[in-house]
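Chains, contacts and geometry: an overview
Read off the chains here:
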Amino acid sequence: MHDDEPVFKRSKWGTNRYYYNPRNPVGLALIVISLLFGGTMMILMANRAGPFAPEPEPPLPSPPPYHYAPPMPSGSPSPWPSLPPTAGPGGG
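Report follows, based on the coordinates. Quick caveat, the model's predicted, so the values are computed rather than measured.

**Here's the deal with the overall build of the protein chain**
Of the regular secondary structure elements, the protein chain holds 1 helix and 2 strands. Taken from N to C terminus, the helices and strands of the protein chain fall in the order β-β-α. By the burial criterion, 4% of the 92 residues in the protein chain qualify as buried. Within the protein chain, residue pairs in contact and separated by at least 24 positions form 2% of the contacts whose partners lie at least 6 positions apart. Only carbon and sulfur atoms are counted for the fraction: they give 67% of the accessible area of the protein chain, which is about 8,900 Å².

Here it is as structure tokens:
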């Protein structure tokens, strides 16, 4: 086994970056876990599922309740002034 290999190795491209070392069992496990996690997230994004699901549509507002007001009794005076009678069709 390569248990003496480090989990992370420095990149040989002249940068200060590190990468998972596949020769170390922990590094190999991190590579596999990263690939599975990334693939799962891509599938969830493509299907718009999980944390990428759209917000549910808000319910439509219901109309205010209709309260029926019964007509005023005919014995009480009308709050509106009475209109003069109008002539029917044909003039007058």
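Once you've had a look at it, read on.
**Some remarks on helix α1 (residues 25–47)**
With 23 residues, α1 extends 33 Å from end C-alpha to end C-alpha; this agrees with the ideal 33 Å at 1.5 Å per step. Where α1 terminates, the next one or two residues include R48, which has phi positive at roughly 50 degrees.

**A few points about the side chain of N21**
Looking at where N21 falls in the secondary structure, it is placed in the loop between β2 (18–20) and α1. Dropping the residues within four chain positions of it, N21 is found in contact with E5, P6, V7, K9, G27 and L28.

**Comments concerning the packing of aromatic side chains**
All told, the structure shown has 1 aromatic pair when counted by the stated rule. When the centroid spacing of 5.7 Å and the interplanar angle of 40 degrees are considered together, the rings of F8 and Y20 count as tilted. One end of the pair, F8, is in strand β1 (residues 8–10); the other, Y20, is in strand β2, and 12 residues separate them in sequence. Given a relative accessible area of 45%, F8 falls into the partly exposed group.

**Observations regarding unusual backbone geometry**
At R48, a position not held by glycine, the phi torsion is positive, near 50 degrees. Its place among the elements puts R48 in the segment after α1. Judged by its relative accessible area of 52%, R48 falls in the exposed class.

About the criteria used
- Residues numbered from 1 in each chain as written.
- Predicted model: local features only at pLDDT ≥ 70, side-chain atom pairs only at ≥ 80, totals over all residues.
- Heavy atoms only, no water.
- Helix = DSSP H or I, 4+ residues; strand = E, 2+ residues; numbered from the N terminus.
- Buried < 20%, exposed > 50% of the residue type's maximum accessible area, 1.4 Å probe, protein only.
- Contact = heavy atoms within 4.5 Å.
- Areas by Shrake-Rupley, 256 points an atom, 1.4 Å probe, with all protein chains shown as cover.
- Expected span 1.5 Å × (residues − 1).
- Phe/Tyr/Trp six-rings, centres within 6.5 Å; stacked < 30°, edge-to-face > 60°.

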